[in-house]
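Residues per chain are reported as follows:
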Protein chains: 2
Amino acid sequence: VERSLRDAIREGRLVAGTPLPSTRALARELSVSRGVVFEAYAQLAAEGYLEARQGAATRVAARTATVRRARPPRALATRGEHDLQPGRPDLSLFPRPLWLAAWRRALRQVPDSTLGYPDPSGTTELRDALTAYLGRARAVAPDPQNTVVTTGVTQGVVLVARVLRDLGHTTIAVEDPGFHVHRWSLERAGLAPVAVPVDDEGISVDRLAASGARVVLCTPAHQMPTGAVLSASRRADLLAWAHAVDGVVIEDDYDAEYRFDREPVGALQGVDPERVVYAGSASKALANALRLGWLVLPSWLARPVAWERLAADGGGPVLDQLALADLIDRGDLDRHLRRTRRVYRARRDALVAALGRELPEATVTGVAAGLHALVMLPQGTSEERVVAQGAERGLTFHGLSVMRVDPDPSDAPGLVLGYAHLTEQAIDRAIAALSEAVRATK
Amino acid sequence: VERSLRDAIREGRLVAGTPLPSTRALARELSVSRGVVFEAYAQLAAEGYLEARQGAATRVAARTATVRRARPPRALATRGEHDLQPGRPDLSLFPRPLWLAAWRRALRQVPDSTLGYPDPSGTTELRDALTAYLGRARAVAPDPQNTVVTTGVTQGVVLVARVLRDLGHTTIAVEDPGFHVHRWSLERAGLAPVAVPVDDEGISVDRLAASGARVVLCTPAHQMPTGAVLSASRRADLLAWAHAVDGVVIEDDYDAEYRFDREPVGALQGVDPERVVYAGSASKALANALRLGWLVLPSWLARPVAWERLAADGGGPVLDQLALADLIDRGDLDRHLRRTRRVYRARRDALVAALGRELPEATVTGVAAGLHALVMLPQGTSEERVVAQGAERGLTFHGLSVMRVDPDPSDAPGLVLGYAHLTEQAIDRAIAALSEAVRATK
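Computed from a prediction, not measured in an experiment: that's the story for all the values here.

Engineer: How should the sheet that holds strand β10 (residues 276–281) of chain B be read in this particular structure?
Structural biologist: Hydrogen bonds along the backbone pair up the strands of a sheet, which may run parallel or antiparallel. Residue and element names in this part refer to chain B. What the eight strands build is an open sheet, ordered β4-β11-β10-β9-β8-β5-β6-β7; its pairing is mixed. Here the strands that pair on one side only, and so sit at the sheet edges, are β4 (147–150) and β7 (202–203). Sheet topology note: the strand β5 (residues 171–176)/strand β6 (residues 192–199) ladder contains six bridges and is parallel. Across the sheet, the residue bridging to Ala173 is Val194, located in β6. Packing against the sheet, helix α6 (residues 124–138) makes contact with β4, β10 and β11 (293–296), and its axis sits at approximately 100° to β4. Strands in contact with helix α11 (residues 299–313) are β4, β9 (248–252), β10 and β11; relative to β4, the strand with the most contacts, it is inclined by about 30°.

Structure below.
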C-alpha cells in the first residue's frame, strides 16, 4: 500500500490536493486490515507526501511537485578518450571486498558512545594504526598524540596554514613548478605563496633562504611534478635552514608509497619531528573518494591544528576511520600496495617504452617512483599548441606551465602525464595520439 | 607463518636486528613449501617489519620499536554519571542494520569512476535525494544545483561565512543566547559575531536592524537554547529586513526533525530561496559521527561555496553520501524518525514530569520540539553554584551563561538540559540529583 501510493505521488499519477479514501474504505477495498492502511498513511504523512488534517480527508501534499534532478557529475565531462591527467590511481583496483569487510567489522564493533561527536584529531584506533604503519613504512617518527586525521593532504596543509597564519606567518614558500591546487588553497587559508625553484636535487634551499618565508611546503620523496628526490645534502640543508630561521617544513609525502626501482627514502619528519609536519593520504593507495589523510605534527602544533579542524568541520566520519585502521592492522593495506605496485610498474615501463618509440626527442624524468611522468619536449616546441592539438585528439593532460607559479612563453616546454589508471594498451594508444599531436604543431 | 612472525615482532619477542633463518631452512623446519615462507617474508618486508638485504640474512627491522598507543578518547573523561549535555541523540537507536545495508548497496553499485576525486558539491545521488526529502519534509524550495553536501551545520556555516567575508562582509549577527561553538567557528572564519537578543518570539528583528550586520545566523524552527519558534510576524520582518539591506539569512534548521506537539513550521528558505541559506545535518536524525550535512543556497552563492569546500578539504567521502541517499530514497530515514520521535516524546514527558516534581519553582521552556529543554531557575539562584554542585553529584550539563555572548552575574539563571540519550529512569535519577544540587546552593 505504502509503496504503491508513494510511487503514484512521485510519478504524478496522484496530484497535489487529491483526497484519499478513508482508512476504513481503502482497507475494505484492498481486503487488508485497517491497521495496515493507517500505518501506510502515517508513514507517507511523515515523509511529507500526504497531509492529514483533523476532521477532513487525508490529501496528497502540495509541495511534492518541486523535485528536480541534479546535473550529471562534472568528471564525466572533463576527461577525454585518452585521459592522462595525474592524481588518480586505477580505481578498478580498489579492493571493494576488503574494504567492505573492514567497514562491516568497524560498524559491528564500534560502541554506541563512539557514534557521537568525534574527536577532531581522529579515532584512537586509526591514530594508533597510522603510528605503527608510518613508522615502519615511511620511517616517520610518529606519535598518536601528535597525529591528526584529515580528509587528505589538502585539508592537512590548509589546517596547518591557518594555525601558522594566526601565529604571525604571512607567507609560505612553495615549489616552482609545484602542485597548483595547493597554492590556491594556501592563498584561501591566508598565507601568500612565494615561489622557490626546483632542480634535479629538489627544492633550492639557497633560494628558499632568500625568500624571506619561514614555512615551506615541499614534496621530498617525489617532487610534484618533476619527480626529483630531495638529495641527501639538500635534506640536511633544509633542516638546518628550518633551525636557523625557527621555521617549519611541511612535508607532502607525495606518491611515496609507489617506488619502483630504488631504495625507499625515509620521511624527512623522522629526522626532525619538532620542525617537520608530515602529510599523507590514502587517495593513491586506495581511492581518492575515501577522503582519508593524516598529519603527524610537531608537539606544539598538534593541539592548535586539532582545534582548527574542530572549528572548520567538527572532525571526520568515524566509521571510515575505523575501517582504515582495521585494514592497516591486518596488513591488508600493505598487501594491496604490493599488488598494485607491480601493476603500476608494468604500466610505467609501457609508458617509458611508448614514449621512447613515439617521441624519441622527448626527455622523460621522475619515473623511478610515483604515478606520473614529466615529459620535457625539445626547446622550440609550443606547449600550448601541443595541449590544443592533444585536445582535438581526445587527449586530456596538464602542460607543465599549469604548475609553474609565473608561466612564461620562454619556459622549457613539458607535459605532466598520469598513467596509473590506464592499461598498457591504453597507454600505447594515448602516446601514439600524443605523438601525432606533437607532430601537428611542427 | 606471516601472522606468528608479525606478532612476535610486535610483542617484542623478536627484537630489532635479529637475523631470520633462510626461507629454505624455515620451510624445512615447518614442513611447508619454500614459497609460503618466501611470501611471508616478502609481505613482512613490505610492511617494514623485516629488512631484506641482498647477500645477507633477512633481519627484524630497527624502526618497529617506535610504536606507541594513543590516549583514551576524551569523551569518556568529560561525561558524568548523569549526562545532561545537549547535542546528542540516543546513539543506541542508530539503525546499524539499515545503515550497513545501504552502505553495502552503495559500495556494490558505485562505478569505479566515482571513486576518484569527488565533486565538492556532493554526489548527484545525495543532492537529488535531499531535494526530494527537504522539499516534502521541511518545505524547503530545494534545487540540486544549489545544494552542497557538508560534514554538518558547522562546516556549512563556516564555508558560507568565508565566501561572504570575501564579498566584503565583516560582521555576522548571531542569536544571544545562542550556540557558542558557532560563534567561535565564525570568528575563525573571519566574520565578527554581533549579538542580537532573543525573546519568546525568536530573534529580535528590530535589534538586528540596529546591529549594522547584513548577515544573520539564526535557528527559526527551534531556537538554540531557548526553544522559541520564530513567530509568523518575525518571519515576515526578517525577510523584509534581508531585502532592505540586501542581506543574507543563514537558517540553521536546528532540531527541526523532532516536533512533538505542534504543527511543523516550514523552513524560512522555502519562502525566499535567493535570500536564505538553509543548513541541516543528519547528526540528530542518525548519528553525529557520520558527519553528513547539507546546505541549500541562493543560486549566486552555490558555486563559490562549492569552490570554498574544494579549497578547504577537497570534498567529502563518496560512499557515505551514497548510503544516505539510498536510506532517504527508500523511506528508511522517515521511518527511523517516526520511531525515534515516539521514544523521545516519552522521554520529554518524563523530563517535564520529573522537573515538575523535583524542581517546581523552575520554568521549563522549549520542549514542544527538539532534544533539549531550557530550565529557568528563580531569580537569586546562582547558576554557577548549581553547575558546581551538580558536578559534585556526577551531573554534566550547560549553564545558560555558556551560551550568552556577554554573560553577567545579573542574568536570569538557567540550565540547558539534553535528555534524548537517557532512558526515562535515567532522567528521573538525573533530575533528582539536579534537585539536590539546586537545594545545596540555598
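Engineer: I tried to follow the nonpolar core on my own but got confused; where do I start?
Structural biologist: Core analysis: the biggest nonpolar cluster contains 137 residues, and Trp99(A) and Trp99(B) have the highest contact counts within it. With residues up to four places along the chain from it excluded, the contact list for Trp99(A) reads Phe94(A), Leu286(A), Leu290(A), Leu292(A), Asp320(A), Ala323(A), Leu324(A), Leu327(A), Trp103(B) and Leu319(B).

Engineer: Just checking my understanding: could you explain empty space enclosed by the protein for this structure?
Structural biologist: Any space left empty among the atoms is revealed by the rolling of a water-sized probe across them. Across all of its chains, the model carries 16 cavities of 30 Å³ or more by this definition. Of the pockets and cavities examined, the largest cavity occupies roughly 110 Å³. Listed by contribution, the elements that provide at least two residues to the lining of the largest cavity are β5, α8 (180–188) and β8 (215–218) of chain B. When its residues are assigned to classes, the lining of the largest cavity shows five nonpolar, three polar and three charged. Approximately 90 Å³ is the volume attributed to the second largest cavity. Lining of the second largest cavity is provided by Val174(A), Glu175(A), Gly178(A), Phe179(A), His182(A), Arg183(A), Leu217(A), Cys218(A), Thr219(A), Met224(A) and Asp252(A).

Engineer: How should the interface of chain B and chain A be read in this particular structure?
Structural biologist: How large an interface is tends to be reported as the accessible area lost when its parts come together. Counting from both sides, the interface comprises 92 residues of chain B and, opposite them, 93 residues of chain A. Buried area between chain B and chain A, summed over both chains or domains, comes out near 8100 Å², and the portion from carbon and sulfur atoms is 50%. On the chain B side of the contact with chain A, Arg96(B), Arg136(B) and Arg188(B) bury the most area, a combined 9% of that side's loss. The interface formed by chain B and chain A holds six salt bridges in total. The salt bridge involving Asp112(B) is made with Arg96(A); its shortest N-O contact spans 2.8 Å.

Engineer: Even after reading the chapter, I still don't get the relation of the copies chain B and chain A, so can you show me in this structure?
Structural biologist: One copy of the chain maps onto the other through a rotation about an axis followed by a shift along the same axis. In screw terms, the move from chain B to chain A is a rotation of 180° and a rise of 0.1 Å along the axis, fitting with an RMSD of 0.2 Å. The two molecules are tied by a two-fold rotation axis, judged by turn and shift.

Engineer: In this structure, what is going on with the pattern of salt bridges? I would like to understand it.
Structural biologist: Opposite charge on two side chains lets them pair, provided their charged atoms get close. For the structure on display, the rule yields 46 salt bridges over all chains. Among the ionic pairs, Arg127(B) bridges to Asp119(B), the shortest N-O distance being 3.6 Å. The class for Asp119(B) is buried, based on a relative accessible area of 16%. Residue Arg439(B) pairs with Glu361(B) through a salt bridge whose shortest N-O separation is 2.8 Å. With Arg439(B) in helix α15 (residues 424–440) and Glu361(B) in the loop between α13 (332–358) and β12 (363–365), the pair connects residues that are 78 residues apart, well separated along the chain. Overall, Arg439(B) belongs to the partly exposed group, its relative accessible area being 37%. Look at the salt bridges and you will find they share partners, linking Arg162(A), Arg165(A), Asp166(A), Glu308(A) and Arg188(B) into a network.

Engineer: Even after reading the chapter, I still don't get unusual backbone geometry, so can you show me in this structure?
Structural biologist: Phi is mostly negative for residues that are not glycine, and the peptide bonds are mostly trans. Looking along the chain, the bond that leaves Met224(A) and enters Pro225(A) is cis, with omega of 10°. In this fold, Pro225(A) is placed in the loop between β8 (215–218) and α10 (232–245). The backbone of Asp246(A) shows a phi angle near 55°, a positive value even though the residue is not glycine. Within the secondary structure, Asp246(A) is located in the loop between α10 and β9 (248–252). Despite not being glycine, Ser31(B) has its phi angle at roughly 55°, a positive value. By secondary structure assignment, the location of Ser31(B) is in the loop between α2 (23–30) and α3 (34–46). For Ser31(B), a relative accessible area of 66% puts it in the exposed group.

Engineer: Could you clarify how one ought to interpret the packing of aromatic side chains in this entry?
Structural biologist: For any two aromatic rings, the description comes down to two numbers: the centre-to-centre distance and the angle of the planes. Residues and elements named next belong to chain A. In this structure the tally under the stated criterion is seven aromatic pairs over all chains. Centroid distance Tyr258 to Tyr344: 5.1 Å. Interplanar angle 80°. Geometry classified as edge-to-face. Of this pair, Tyr258 sits in the loop between β9 and β10 (276–281) while Tyr344 sits in helix α13 (residues 332–358), placing them 86 residues apart in sequence.

Engineer: What should I look at first to understand the environment of Ser231(B) in this one?
Structural biologist: Relative to the helices and strands, Ser231(B) is located in the loop between β8 and α10 (232–245). C-alpha of Ser231(B) to C-alpha of Leu98(B): the two residues are 133 residues apart in sequence and 37 Å apart in space.

Engineer: Before we go on, may I ask you to explain the environment of Thr441(B) in this structure?
Structural biologist: By the secondary structure assignment, Thr441(B) is in the segment after α15. Taking C-alpha positions, Thr441(B) is 6.2 Å from Arg385(B), a pair spaced 56 residues apart along the chain.

Engineer: What is the right way to read the environment of Leu371(A) from this model?
Structural biologist: Residue and element names in this part refer to chain A. Looking at the secondary structure, you find Leu371 in the loop between β12 (363–365) and β13 (372–376). When the C-alpha atoms of Leu371 and His421 are compared, they prove to be 8.9 Å apart, with 50 residues separating the residues in sequence. Beyond its immediate sequence surroundings of up to four residues, Leu371 is in contact with Pro89, Asp255, Tyr258, Phe260, Lys284, Tyr344, Leu417, Gly418, Tyr419 and Ala420.

The rules we used
- Residues numbered from 1 in each chain as written.
- Chains lettered and ligands numbered in written order.
- Predicted model: local features only at pLDDT ≥ 70, side-chain atom pairs only at ≥ 80, totals over all residues.
- Heavy atoms only, no water.
- Pairing = 2+ DSSP bridges.
- Helix = DSSP H or I, 4+ residues; strand = E, 2+ residues; numbered from the N terminus.
- Contact = heavy atoms within 4.5 Å.
- Axes fitted to C-alpha atoms, helices over the stretch in contact; angles between N-to-C directions.
- Core = buried A, V, L, I, M, F, W, Y, C linked by side-chain atoms within 4.5 Å.
- Buried < 20%, exposed > 50% of the residue type's maximum accessible area, 1.4 Å probe, protein only.
- 1 Å grid on protein atoms, 1.4 Å probe; cavity = no way out; pocket = protein on both sides within 12 Å on 5 of 7 lines; lining within 4 Å.
- Points joined across faces, edges and corners; volume = space filled by probe spheres on them.
- Nonpolar A, V, L, I, M, F, W, Y, C, P; charged D, E, K, R; others polar.
- Buried area = accessible area lost by both parts, 1.4 Å probe.
- Salt bridge = Lys/Arg side-chain N within 4 Å of Asp/Glu carboxyl O.
- Least-squares fit on C-alpha atoms with pLDDT ≥ 70 in both.
- Phe/Tyr/Trp six-rings, centres within 6.5 Å; stacked < 30°, edge-to-face > 60°.

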